[in-house]
Structures are given as structure tokens and as C-alpha cells.
Amino acid sequence: MVLPRSEMEFLQPESWAEALAVRAAYPEALPVAGGTDVMVELNFARRRPPALLDLGRVAGLADWGTEDGLLRLGAGVPYRRIVTELAGRAPGLAMAARTIGSAQIRNRGTVGGNLGSASPAGDALPPLLAAGALVELASVRGVRRVPVAGFCTGPKRSMLAPDELIAAVLLPPDAGPEQFAKVGTRNAMVIAVCSFALALRPVSRTVGTGIGSAAPTPVRAAAAEELLVAELPWADRAALPEPLVRRFGELVAAAASPIDDVRGTAAYRRHALGVLAGRAVRRAWAEHRRGGVRG
Amino acid sequence: MSPVLGAALDRVDGRAKVTGAARYSGELNLPNLAHAVLVGARVPSGRIIGIDCRQASVADGVLTVLTHLDLPRVAARPKLFPSLFGLTAHGQSFFPMQDDVVHYAGQPVAMVVADTVERAEHAATLVQVNYAETPSVTLLDQGRDQTYEPAKIFGGLLPGRNPTRGDPEAGLRDAAVRLDVTYRFAANHQNPIEPSTTTAVWDDLDRLTLHDATQGPTATQLSVAELLGLPPTMVRVVSHYVGGSFGAKALIWAHPTLAALAARRVGRPVRLVLSREQMFHSCGHREEQEQRIGLGADRDGRLGALRHDKTSLTSHYDDWAETSLEAPAVMYAAATYAGGYRLARGNTITPTFTRGPGAATGMFALESAMDELAYEIGVDPLELRLRNHTDVDPSTGNPWSSKGLRECYQRGAELFGWSGRDPRPGARRDGDWLVGTGMASAAYPVAAPMNPQRARARMYADGSAVVEAGISEFGTGALTAMTQVAADGLGLPFDRVRFVGGTTDLPNIAAAVGSAGSGATSSAVHLASTGLRDQLVGQAVADARSPLHNADPAGIVVRDGRMCLRDSPQTGETYVELLRRNHMPDVEALGVWQPTPPDGGGHGMFTFGAQFAEVAVDADLGLVRVRRLVGVFAPGRVLNRRTAHSQLMGGMLWGLGQALLEATRMDPHTGRWANASLADYLVPVNADVPDITIDTIEVPDSVVNPLGVKGVGEIGIVGTSAAIANAVHHATGRRIRHLPITVEDLL
């Protein structure tokens, strides 16, 4: 049997409306933004989609601004611009963006692409979880905004419908102290062994967390969040009690469901998450005590 | 010597490489070029019971599919032999696709040739191979109960057991302090950025040209000619630029011959590029191994006995072990010594040279043990080395050709700030980090080819010169350094000399391996250049029209292309004046260097150095970050300070990788490497590179070769991993006796 010649359509819309129309017409087309994940998969012949839907020319997709009182980050904003332009508005996301890949990858890779890949190791996802971000999904049928927490449904699976595209992420406008930390075998260009993001929101006295590379999807540590909400000395900004830090680390570790793989053991990941969580809350709380109320 | 020798000049090929103008073997666009892709065995052991190429054969663009059923038989069984010796230099005593037996996973079982590389890759996935798999041995532990002591290793050149000195068992028994420790090493792969590549072109007269990425063009020529049953006159190898090698291209593996056979079959030029994954099972690797060290010392730390035994995994058909015992055997003045190799046979390609072959592992074991001994007896680790320093080669009692190690220790300790080190482990904290320092000695043998090494120098009537030798440039800076040697020898400005290498049409030089390339090539280039200079000086003094007529040649010097009397520089003439007056378009000389014999004519020949490291270990996460490295080496004469330092720095970073990152992990269930990619086999990246200080101590050496060049290709890695591991111990109190060190070791 001779396999059919496998040619690939390359669809390159110039406007968002056109992109949504193409997406609806070719639901089997694989959307590609920076290509830092997709091209690797194509080069290794891990997937062979019948068509690529390149979003690189869509006007406005790489813009950011405020909308409905939220920080709206277009799906096509590359990590480099998040680092240079958004370190103040989205500090946790900017910290994560700084750790991603190499300079070349940060020039190309986007948060929209990270969400589209829906990898449990996507470095941008834990800070989005911690910040309580929304994902804006669009199709010719309309627009919906879903919490990032429910967006990933499994390893490399998401609730993105076949005719939908990721338009943007929306973050609270005034971030409080945020932290992101990851463990990697080397200092750069490495897939995280595990990662952890924390967001404190002193005005609302709420807390967000995000765990990466330690479960089938990026996950929150809900019990750990509740612990901090209840027990952080919000009122007087007193020093952080060590037992609280320890307990927080334990609850974060308990929220993960890691596996053994070539990058690390499940036991190490759990242990490291506890350590990262403790450090994150110490640093974030110290910033809160130094800097006063920001969010 | 003129100031050009040793100067930190820019690389002559730097612009070409940076701009992409330099063409590598896989970048040649030849008319009608076809592409070969290999299909590797999916099982590590067994037989091929069926191979179905029907789908692949009819896929678009496919020109042929070859298997063991139809690939021509090679004319000779290859025999493993190191390429340094200038003869055939097969990487292993096995050639694939000659029968149905599978010795290791990844062994080529089919080859697809198509009109584009994409079509060849696609068709390669359509080849259906059925195997009768048999139990395999892919880990040292699986072969441990079947080990044997080989009669010879290293292509039959070295005994399986080193010569014993005195009675080491008695030495150990009688020692006041004894240490018996075992160190384990993960397999390592060389991982040059350019994968191995050959483009094969047969001409109308059945002559073969191979554009091959190789450390030794002549080695490729002779080895492929032997397998094809051709005289070497019918095989020409071109290899100008090579994108790194690190041992992967030191010996000749199957792919150049397979490319030649494919090209002959399809009647078109054929390019064969190994994929990154194929690089993990096509050109050997540093074998998984363990080394046991026994040290016996008196209370002051003076060694009375050293026992060093290595056990490692080799292939079914070659007794290969990297020569880990050689440098440690002569490092210190141990009164008694014994050391030997044991091998286990497994389902693996024959292991081979990998960055700092032998010494990188052997010196890790010895220098880790020495650090343990220093702590055992409470002596500063550097002081312990000095107490055991030897001014003669302890294996023979012969003097060293040169040493310089005491100076390396002293300079390194100064640069690093070693003195006053608090020896207590686990006593320094910097935030989340535990900080420690460690050091190690380095030694690497100075090897030389056995056969004469040649270069040719030709000067034109305009006073420019070209100097040629058949070397490839694989990133070391050889083209630049050899231009400097030639300019120095000829008495010409650097920019009037061009050095050309890269083909077997040029005077023969052995493969540049084992840190021997700069010594061998510089010797031939020096002799060719000074020979041509002497020839021209001789002509001038014999020329009645020359101002130098009847002068004593010994009193004549040449500077900037002008010959003149040393004592009366105004008396003289330029090369150009001499050549033009005599209507000579050019003049030429061959330089032939007969290398120093392996025993150095009664000298021990090693390169020495000293390594220092500062590390920080995250106390809660186990992460190790190297903060500083200082390496001081005594490599004889340095030909170009910049490229030499770059090579030494690269070597130290190999050592950082060996210490903390590099491991090829075998999955014993599949018998295949589990991390055969650069995303999973981690090497250091820029963000891992610490503050590195390098210095060289230039000790004159009149034994090793005419310019006293001992080479810088390997010594940089030697001892780095031990210095780092010793610093990890100093930081944490934990003694890690295996490489690489992982986070889990330090929790």
C-alpha cells in the first residue's frame, strides 16, 4: 500500500475575524503562534496535522491593555515582552516568563501557545492559576471567558472547542506580591522538574497558588490557599510564623500528584514543592510587609 | 621565536564561521544529490527474521532500500585501531548489514535512499523489521558475574593489566591509613553540535570522493578503502570544517562506507547525515563503568600503595575500555602499585573516545580518593598532593619531559585564594546555599603518532606563502595556530601566510586525537617552514648577486620576509628580491617529523594541571551551582593564547557537565538509551557557566616535539569533576562517589 502523499495546508489569516472563520472552516487545522512547541512536534513527526493555522499575522493579537477593569494580555504577546513590559503589572507571570527557554524562545513563545499546548510543564500556567486568570476563548459563535483553573483537562488536553481560538488571558489589574520558582536540572533551557507560583492579594485577603510539572495538569493547592487566607497576619502584617510556613509547604506538597520520570522522582518533586512554597510565601510576605498594600 | 607564536590572534576562519560562509560536510549542494537514511534495530539482541521493504521501496522519491540481504559484503572485517597511529582506524570490529544478527539497539539494519531527505526519512519509517529477540545485557550490573580480564585493550596496544610495582597488597596491609572506595560513572556521549555526516561521490573513473566530518581525513580514506577493497589512491576525503567532535569522529564508523555503497548503488552522489538520536548509537560513547581505588598511606599521607581497578561494559566483539588507569598510575610517588581492567560483554556498540578519554574518569576516582584521604588524616588537600609529588615517572623511574605541576598548584591556589581554607565540611552558609571549595590534580598523557608527519610549505615570488597539511578543522583553532607556526618558521608576517588543510591530497597527518593534533601538526609545519626558510637562506648565501653572498647561514635571521645578518641587520635582502632576481615563481619544501617514541626516549610524557572549584549547594533542594572554577595547566608551549584558553575552558565545562549533568541512561527493559536527545541529555548552558579563570604555565619541553607542544584538547576536563565533587563534600559533608551528582544525592 502506498500512503497518500501527506501535504499540509498553511493557513495564514490577517485579521481575527478571518482567523475565527478559518478555524471554523478547518477545525482539524492546528493553530500555531510562536511555534516553539508545535514546530518541535512537527520536526519529530509526533504529529502531522493536515493544516496549520498560523496566527502570527493576526493584527492586535500581540497587544495588551486594560479591559473591563482587567489586564488583558493578547494571546500572541511573546514572553520577552512580558518580561520587559509587564514585570510590574503581572510580576508572577513575568518571573515565570524570564525562566522560559532561551532568548530566542522567549522572542517567539507566547502565553496563548502555552495554554494551547496545555502541558503540565507549561511554565506560564502556574502564575496564571495563582493570579486567578481568565482565558478568553473565541469562535464565530461568540466569546467566552473561563477560569484558567479549569482550562487544562489533562496532559496536553484542554476545554478549547474545535472551532475556538485562544484570544487572550485576563488578569486582575493590580497584582499584589507574587512569586514564581522552579527547579530545573540546569540553570536555563530546561523543562521544570516542578514549579510553584504564589499570589497574595492583601486587599481582598485572598491567596492564589499554582503547581507545575507535578500533576497531569497545572493545579492549585486549595487547602494551602485556605490556610494562608485564614492564618496570615493580614491585619498587623506581623512576621510570618514558621509553623505556618511549614504547614503551607506541606499542604502544597500534598496537593501535587507527581510521577517518577527521567527528570526527577515523585518523592523529590513533592519535597521540592514544599521547599519552593515555603520560600515563595516568605518572599511574598516580606514584600508585602515592605511595600504596603498594592492590591 | 617570534612574537607571533603564542599570540592571542583572532581565528582565521572566525568570520567565515560566524557568517555561515564556512561550508560543512552536510551543506554541500551537489547536482543530483540523493539522501540516505539509516534504519536502526529496535531491539538490542537477537536476529532479524523478516524484513519487508515493499512499502518503503515504492514510496515517493525512493531510489533504493538496502538491507543485509542485498548490501554488498565489505572486503575486509574491520579491526578496531586508534586513529592516532595513522593506519586504518575502525571504531569497532563489526560492520552492520552483513548478516541477520543484532548486537545492539540502533545497529543499522536497513538504509533508504531517496531524492530528498524528507522522503528518505519517511520511507525509513515504512521498513518493517521483525526480530527474534534474545535476552540482552545492557547494564554493567547485568554483566557483573561474567566479567573477565582482557589480555589487551585499546585495539591490542595496551595490556589489560598495568605493570605492577612492588607489592601493593603488602603496601596496603602495612599502611597506617587505608582507603578502599568504589566510584561509579554513568555512560556519557560526546554530543558535538554537528552530527556525523558523509557525502559520497563516485566519478566517471570509479574514484570515490567522501566529504566527511572527521578528525582524521586519512583515517577515513584508509578505513573506507579497506572495506570497499579499493587502493587508497581511489579514495579521496575532503573535510575542511567539522562542527565539533569530542571523540565521536576520532575513529571511523560504518556511515562513510554505507554512504559510499549507497552512492554506488544509485549512481548518484549520496549524503548520509546521522540524526541526533542516531548519534547516540553510531559512534561509540564513554562506557558505563566503576573504578575501585585502594590507597595505603602513612600518618602524614605519603602513599605507600595504590591499587586501581576498573570494571566496564564493552561490546560482544571488542575488548575496549577507555584507558582510565594511565594517568592515575603516574600521578603520585606511590611506592607500590597495581591496576587492571575487567570487562563485561554486553549489547552495545563498542565504546570509544569521549572528551578526556580515560583520564576524565580515572582522575575523578583518584582525586576523590585523595580528598577522602586528606580528610582522613587531617591534612590540607593541596598539601597532601605536594607531599606525594613526584619528579620522576613512578612507573619507570624516568624523568619527565617537562612537568610544571608545582607551579600550577601554586598559581592556581593564588588565583583561587585557597590558602587559609577552613577545612570543616558543611560550615559555610550563604542564605539557602551551603558553600564549599575543592581542588584536584590533572594529568593527561602526551601521545604522538608512530608514523612520520608531513607538511608542505610553498612561497611565491610575491613573498606570500601557503603551508599545507591534511588536517580538518573541528573547532580547536588549528588553522589559526598552524598559520602562526608557519609565519614564525618562515619569518613572514602572519597575514602573508595561509594555512590550508582539509583533504587527503595534502601531506599526510595522523588524525588529531588524544590532544596530539597540535603537537604533530605543528612539528610538521615547523619543519616545513623552517626548511623552506633555510633553503632560501642557503640560496641567498650561494648567490653572488645577494648582499648575503658567502655569509654564514647560522648568522642570518629572517624578519617580515627579509633575510639579514643578525649582527648587522642592514645587510640583507627580502625573499621577494631573491626570488624575482632568479626568475623563480615559487619555491617549496616538505617538512617531515619522525615522532618521539612512546617512551619519550627515556622520559615520562604527560601534561599536568591543577583544578579548583567553589560550589554552592541548595541545602533544601539539593541543587548544585558551580560558582567559580580556576584551572592552571602546563601544556608545554601555547601556540595561540586565545584558542588554547578557549579549549581549556571548554574542557573545564565538559568537566562541569560530567560532574553534574551528563548521563546517558539505559532502559534495560528495551535495551535502548532512554534520553537520546539534547533535551534529555543535558550539557551545561551559558547560565550554568560560572566565573572561570584559566592560566597556563609554559614549561619548556625539548623532548615531546620540536616546539615543545603538549596540547590542550583534553587536559581541561581532567580533574574538574573531582574538584567539584570535593567542593560538594566541603559544602555539605556528603561524599558522592558517582557521576553525575544529582539533586537526590544531596537531600
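Calculation criteria
- Residues numbered from 1 in each chain as written.
- Chains lettered and ligands numbered in written order.
- Predicted model: local features only at pLDDT ≥ 70, side-chain atom pairs only at ≥ 80, totals over all residues.
- Heavy atoms only, no water.
- Core = buried A, V, L, I, M, F, W, Y, C linked by side-chain atoms within 4.5 Å.
- Buried < 20%, exposed > 50% of the residue type's maximum accessible area, 1.4 Å probe, protein only.
- Helix = DSSP H or I, 4+ residues; strand = E, 2+ residues; numbered from the N terminus.
- Contact = heavy atoms within 4.5 Å.
- UniProt positions renumbered as here; feature names shortened; annotations may be inferred.
- pLDDT = per-residue confidence, 0-100.
- Pairing = 2+ DSSP bridges.
- Domains from an automatic or database assignment.
- Salt bridge = Lys/Arg side-chain N within 4 Å of Asp/Glu carboxyl O.
- Polar contact = N/O pair within 3.5 Å; in protein donor to acceptor, adjacent residues only side chain to side chain.
- Nonpolar A, V, L, I, M, F, W, Y, C, P; charged D, E, K, R; others polar.

- The name given to chain B in an unreviewed UniProt entry is Carbon-monoxide dehydrogenase large subunit, with Plantactinospora mayteni as the source organism.

- Going by what an unreviewed UniProt entry lists, chain A is known as Carbon-monoxide dehydrogenase medium subunit and is assigned to Plantactinospora mayteni.

Some details on the nonpolar core
Residue and element names in this part refer to chain B.
Here's step 1: The biggest cluster of nonpolar side chains holds 148 residues, and the ones touching the most others in it are Met111, Leu295, Leu373 and Ile724.
Here's step 2: Take this core: its biggest share by element is 11 residues, from helix α9 (residues 359-377).
Here's step 3: What Leu295 contacts, discounting residues up to four positions off in sequence, is Leu172, Val177, Arg178, Leu179, Leu303, Ala305, Leu306, Leu366, Ala369, Met370 and Leu373.
Here's step 4: In this structure, Leu5, Ala22, Met459 and Ile471 belong to the second largest nonpolar core, which totals 46 residues.

As for the UniProt feature "domain: Aldehyde oxidase/xanthine dehydrogenase a/b hammerhead" (unreviewed entry) in chain B
Here's step 1: The positions UniProt marks with the feature "domain: Aldehyde oxidase/xanthine dehydrogenase a/b hammerhead" (unreviewed entry) are residues 19-135 of chain B.
Here's step 2: Secondary structure across residues 19-135 of chain B divides into 12% helix and 30% strand, with the first and last C-alpha atoms of the span separated by 51 Å.

With respect to unusual backbone geometry
Residue and element names in this part refer to chain B.
Here's step 1: Cis geometry marks the peptide bond from Leu739 to Pro740, where omega comes out at -5 degrees.
Here's step 2: If you trace the backbone, Pro740 turns up in the segment after β31 (738-739).
Here's step 3: Phi is positive for Asn550, which is not a glycine, with a value near 70 degrees.
Here's step 4: Among the structural elements, Asn550 can be located in the loop between α13 (517-542) and β22 (556-559).
Here's step 5: The exposure class assigned to Asn550 is exposed, which follows from its relative accessible area of 64%.

Structural notes on the confidence of the model for chain A
Here's step 1: The share of residues in chain A with pLDDT of 70 or more is 97%, and the mean pLDDT across the chain is 94.
Here's step 2: A low-confidence stretch, residues 1-5 of chain A stays under pLDDT 50, and its non-local contacts, those more than four residues away or across chains, total 6 contacts.

Regarding the sheet that holds strand β15 (residues 303-314) of chain B
Residue and element names in this part refer to chain B.
Here's step 1: With mixed pairing, the 5 strands of this open sheet are ordered in space as β16-β15-β14-β9-β31. With partners counted over all chains shown, the strands left at the sheet margins are β16 (336-345) and β31, one partner each.
Here's step 2: Pairing analysis gives 9 bridges linking strand β9 (residues 177-185) to strand β14 (residues 289-297), with the strands arranged antiparallel. For Asp180, the partnering residue across the bridge sits in β14 and is Gly294.

Digging into the side chain of Glu468(B)
Residue and element names in this part refer to chain B.
Here's step 1: Structurally, Glu468 can be placed in strand β20 (residues 465-468).
Here's step 2: Overall, Glu468 belongs to the buried group, its relative accessible area being 11%.
Here's step 3: The residues contacting Glu468, other than those within four sequence positions of it, are Ala455, Arg456, Arg458, Phe499, Val500, Leu506 and Pro507.

Observations concerning the pairing of strand β3 (residues 51-54) of chain A
All names here are of chain A.
Here's step 1: The side-chain alternation of β3 yields two buried faces, one formed by Ala51 and Leu53 and the other by Leu52 and Asp54.
Here's step 2: Both strand β1 (residues 9-11) and β3 contribute to a ladder of 3 bridges, which runs parallel. The residue of β3 that forms the bridge with Phe10 is Leu52.
Here's step 3: Summarising the sheet, strand β2 (residues 30-32) and β3 pair through 3 bridges and their orientation is parallel.

A short note on the domain arrangement of chain B
Residues and elements named next belong to chain B.
Here's step 1: Under the domain assignment, chain B is made up of domain 1 (32-135 + 193-244 + 249-282), domain 2 (145-188 + 286-447 + 600-746) and domain 3 (450-593).
Here's step 2: With 20 residues of domain 1 at the interface, the matching set in domain 3 holds 21 residues.
Here's step 3: Between domain 1 and domain 3 we count 1 salt bridge in total.
Here's step 4: Salt-bridge contacts for Asp505 lead to Arg236; the nearest nitrogen and oxygen are separated by 2.7 Å.
Here's step 5: One can count 9 residue pairs in polar contact (both at pLDDT 80 or more) joining domain 1 with domain 3.
Here's step 6: Put simply, the parts of the chain that give the side of domain 1 that touches domain 3 at least two residues each are α6 (217-228) and β12 (235-238).
Here's step 7: Top element by residues in the side of domain 1 that touches domain 3 is β12. It accounts for 4 residues.
Here's step 8: Class assignment for the residues of the side of domain 1 that touches domain 3 results in 9 nonpolar, 10 polar and 1 charged.

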